Number of protein chains: 2
Amino acid sequence: MNQRSFGESPVVIIEEGSVGLVETKYFTFAYPPDLFQMENGLTLGPITVAYETYGRLSESADNVILVEHALTASAHAAGKHAPEDKVPGWWDVMIGPGKAFDTEKYFVVCSNILGSCYGTTGPSSINLATGRPYGLDFPLITIRDMVSVQKALIDSLGVKRIKAVAGGSMGGMQAMEWALSYPGIVDSVVLVASGAVSNPQSIAIHKVGIRAIMDDPDWNSGDYYGGNPPAKGLAIARMIGHITYLSHNWLWEKFGRNHPDPVSMKLRLDSNFDIEDYLEYQGASFVKRFDANSYIYIMRAIDIYDAAEGYGSLAESFMRMRCRKALVASFTSDWLFPTYQSHEIVDALHENNIECHYREIDSPYGHDSFLLEYMILTESIKGFLSSF
Amino acid sequence: MNQRSFGESPVVIIEEGSVGLVETKYFTFAYPPDLFQMENGLTLGPITVAYETYGRLSESADNVILVEHALTASAHAAGKHAPEDKVPGWWDVMIGPGKAFDTEKYFVVCSNILGSCYGTTGPSSINLATGRPYGLDFPLITIRDMVSVQKALIDSLGVKRIKAVAGGSMGGMQAMEWALSYPGIVDSVVLVASGAVSNPQSIAIHKVGIRAIMDDPDWNSGDYYGGNPPAKGLAIARMIGHITYLSHNWLWEKFGRNHPDPVSMKLRLDSNFDIEDYLEYQGASFVKRFDANSYIYIMRAIDIYDAAEGYGSLAESFMRMRCRKALVASFTSDWLFPTYQSHEIVDALHENNIECHYREIDSPYGHDSFLLEYMILTESIKGFLSSF
């Protein structure tokens, strides 16, 4: 195991069981006038979806696993795009021959979410009506919209049933919403480090990030394409995010109060603790790879998600589900989606007599555990998927 | 009890037992060439200290209690400056006739810390060498520097012994440093919601705030006096701070996912949850009252504080202490200075056979508990102070 400890999102690299070289494909739908209907009543189109598939679709088209990504990942969940790539897809450790999502058995599909900037239509895409990037003319998106777009994609692939929809963090919200919006075709869900809502602390933290981006003069009301992006504001937003991905104790373990030059610490404002260098690095590397408007839109989609919306309770909302099974996993040190949020999901599943396997994993890594605790997740998911 | 729930820092208001009308006084020392020696080896002067006193100094000058303020408070700890003031000093609920710090018995002194902007010399003060505000020419300050400045103040007041040095949050760090730097005159310390160091998560959170201020174009490398202050960056820094002052559960209790207009939430980026309005309000009100450079310097002083610095352990460092007693209090829901940080202090006190009363208070309010849980603190402090 080789964890990129100073990288962006943590990607665990293991050599065995790779899906090998893969490529991102594109599907475009909702051409005018048959535009995509969004949850807020607005319309959008055409919409392009970037996606990757691993393994083969069975003849009965029933061996499908949808993998849902979190805030800033992409369709590139496994394998490499070129032999010289240093880092594989973001959940490579879980997807491949013999792995948790075994590509010798399953046809795994991962698509970039609506609103992102990795090939799927989002605020940085060209608005056909103006010939320029949407910017803030892009309509607000919801988790349900992300899922609806994925439904159009899998319809185009001839998929009839989904054995499991799996995701961590916001990916778990999408998986849950899949089972709620399209109950007839989802056999199971795998919800890792997730929640049925965004808690107020998470909304508050997103708020600060959104405000930092919008207050960057380069943001220019979202109309910065072709000019300088709001790099400073976006870096700040990402730095805050990274604090929430790591647990309090893990920060002690990983960085402590280490400082390369304790003397200068009392003399110069720019003399950084290691944790500060880490955050600076995270901020600086993020702005090279992600669009600020996409970040705002996706954070907002997380904020406003509420799986119980329109129902008296989460349990009542879950009455729509037709899953045969669910696997829920949470991590003791996760303070972005604390374990109580998984307990709420488990309780609502139980109230609806949906067979639910729950695993509360004692892990020091905080929210990032969903990317790092791959061995215990592999064990849980393998057993779960082979049980039906 | 009337808590200003939408105010800046929480100030509990009770009518009985007020010290009445008070005024801020000023003491100036360290005139050239006898400048103040800072911990980092640099010098500074002249230094003015804003302070208030409540009660009367006894003839033997031995009934003194020093009250130490936290990040953004002032010397105005109790009473009102004018009858029409809506809000009294920041710890009015604790200081007055019959209160925890009983002004019928004790002579209570509170001074604005070095580096602040409420009358004590700080980055916004005029640098005599240039005739202009110091800005970043102000030397970096430490908790020890703050305490050393206070020592000069109490010397000028004729104080010989201090019955107790008391403070919450960074105020607790100052109280601890008092007992370490001037062991001969400090009889006891009262350390509330504090720590012997700033933990890495706290450093990380400060980092984001500092970065937000410095990235505001109006900051202008700290040279903004006479122009526009970096209001946007400072507001962001304060918003982050407020998230850390409230507990996760208290955010649910106080704001939940309440939103004044759930329909617009899916249509407009500027449609705020209540928690967002709260943070916006906190940010906007803070920039009217506080200097951005002071905020940076004080956050930095907190970051670099380590009561064990230069010693093998906290217990070894505490061997310097000559306190007769200590009272330590922490709050279960405080995640800025979690209770384990108070446990470390208690352990080090015990190892040095200093009589230590520890109270872990079950409170939902997070770090702000040190300002809000006045009844239980009053009970503890009254008993403590009357025991010797």
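Up top is the structure these notes are about.
My aim in this report is to walk through the structure given alongside it, one point at a time. (Residues numbered from 1 in each chain as written. Chains lettered and ligands numbered in written order. Predicted model: local features only at pLDDT ≥ 70, side-chain atom pairs only at ≥ 80, totals over all residues. Heavy atoms only, no water.)

Thoughts on the sheet that holds strand 10 (residues 107-111) of chain A
Residue and element names in this part refer to chain A. Note the following rule: For two strands to be treated as a pair, DSSP must find at least two bridges joining them. For the purposes of this entry, the term helix denotes a DSSP run of H or I that reaches at least four residues, the term strand denotes a run of E that reaches at least two, and both are numbered from the N terminus. For helices, the fitted axis covers only the stretch in contact; all axes are lines through C-alpha atoms, and the angles between them, taken along N-to-C directions, range from 0 to 180 degrees. It only takes one pair of heavy atoms within 4.5 Å for two residues to be counted as in contact.
If you trace the eight strands from one edge of the open sheet to the other, you get 3-6-10-7-13-14-15-16, paired in mixed fashion. This sheet does not close on itself; its edge strands, each paired only once, are strand 3 (25-29) and strand 16 (355-361). The sheet shows a mean angle of 20° between the axes of neighbouring strands, taken without regard to direction. Of the pairings in the sheet, the one linking strand 15 (residues 325-331) to strand 16 comprises seven bridges and is parallel in character. The residue of strand 16 that forms the bridge with Ala-326 is Cys-356. Lying on the sheet, helix 12 (residues 374-385) is in contact with strand 7 (64-68), strand 13 (164-168), strand 14 (188-192), strand 15 and strand 16; it crosses strand 15 at an angle near 170°.

Let's talk about the packing of helix 3 (residues 200-215) of chain A against helix 8 (residues 292-304) of chain A
Residues and elements named next belong to chain A. Put simply, the rule reads: Oblique is the label for any angle not under 35 degrees, not over 145, and not in the 65 to 115 range, which are roughly parallel, roughly antiparallel and roughly perpendicular in turn. The sense of a crossing depends on the near helix, which, turned anticlockwise from the far helix by less than a right angle, makes the crossing left-handed and, turned clockwise, makes it right-handed. Polar here means any residue outside two lists: the nonpolar Ala, Val, Leu, Ile, Met, Phe, Trp, Tyr, Cys and Pro, and the charged Asp, Glu, Lys and Arg; Gly therefore counts as polar.
Relative orientation of the contacting elements helix 3 and helix 8 amounts to 160°, with a least axis distance of 10 Å. Taken together, the axis directions place helix 3 and helix 8 in an arrangement best described as roughly antiparallel. Pair helix 3 / helix 8 crosses with left-handed handedness. Across the interface between the two elements, Ser-202, Ile-203, His-206, Gly-209, Ile-210, Ile-213 and Met-214 of helix 3 pack against Ala-292, Tyr-295, Ile-296, Met-299, Arg-300, Ile-302 and Asp-303 of helix 8. In terms of residue class, the contact of helix 3 with helix 8 is made up of nine nonpolar, three polar and two charged.

Overview of the pairing of strand 14 (residues 188-192) of chain B
Residue and element names in this part refer to chain B. As a reminder of what qualifies: Each residue gets one of three labels from its accessible area relative to the maximum for its type: buried under 20%, exposed over 50%, partly exposed in between, using a 1.4 Å probe on protein chains only. When the strands point away from the viewer and the path from the first strand over the helix to the second turns clockwise, the crossover is right-handed.
Most of strand 14 is tucked away: five of the five residues are buried. Residue alternation in strand 14 divides its side chains into two sets, Ser-188, Val-190 and Val-192 and Val-189 and Leu-191, and both sets are buried. Relative to strand 14, strand 13 (residues 164-168) is paired through four bridges, and the arrangement is parallel. Pairing of Val-165 across the sheet is with Val-189, part of strand 14. Between strand 13 and its parallel partner strand 14, the chain crosses via helix 2 (residues 170-181), and the hand of that crossover is right-handed. In the sheet, strand 14 pairs with strand 15 (residues 325-331) via five bridges, with the strands oriented parallel. In the sheet register, Val-190 faces strand 15, and the bridge partner there is Leu-327.

Topic: the relation of the copies chain A and chain B
How we decide: A least-squares fit on C-alpha atoms brings the copies together, and the residues used are those whose pLDDT is at least 70 in both copies.
Rotating chain A by 180° and translating it 0.0 Å along the rotation axis places it on chain B, where the RMSD comes to 0.0 Å. What the rotation and shift describe, once combined, is the action of a two-fold rotation axis. Comparing interface residues between copies, 100% of those in chain A also lie at the interface in chain B; the contact surface is shared.

A look at the interface of chain A and chain B
The condition that has to hold: A simple way to read buried area is as the amount of 1.4 Å-probe accessible surface that goes missing from two parts once joined, with both sides added. A pairing counts as a salt bridge when a side-chain nitrogen of Lys or Arg comes within 4 Å of a carboxyl oxygen of Asp or Glu.
Counting residues at the interface gives 55 residues for chain A, matched by 55 residues for chain B. Each partner contributes to the roughly 5,200 Å² buried at the junction of chain A and chain B, and carbon and sulfur atoms together form 67% of this total. The largest per-residue losses of area from chain A upon contact with chain B belong to Arg-257, Lys-266 and Leu-269 of chain A, which jointly make up 16% of the total buried on that side. Linking chain A with chain B are 12 salt bridges.

Quick notes on empty space enclosed by the protein
The test is simple: For cavity detection a 1 Å grid was placed over the protein atoms alone, and a set of points counts as a cavity when a 1.4 Å probe fits there but cannot get out; an open set counts as a pocket when protein lies on both sides within 12 Å along at least five of seven lines, with lining residues being those that have an atom within 4 Å of a point. Grid points are joined across faces, edges and corners, and a volume is the space filled by probe spheres set on the points.
Tallying each qualifying case throughout the model produces six cavities of 30 Å³ or more. If you add up the space inside the largest cavity, you get close to 120 Å³. What lines the largest cavity is a set of 14 residues, among which Glu-39, Arg-144, Tyr-305, Asp-306 and Glu-309 of chain A lie closest to the centre. Mapped onto the lining of the largest cavity, the elements with two or more residues apiece are helix 1 (143-156), helix 2 (170-181) and helix 8 of chain A. There is about 100 Å³ of room inside the second largest cavity. What lines the second largest cavity is Ile-205, Val-208, Ile-240, Ile-243, Thr-244 and Trp-335 of chain A together with Ile-205, Ile-240, Ile-243, Thr-244 and Trp-335 of chain B. Listing elements by their share of the lining of the second largest cavity, those giving two or more residues are helix 3 and helix 4 (231-245) of chain A together with helix 4 (231-245) of chain B.

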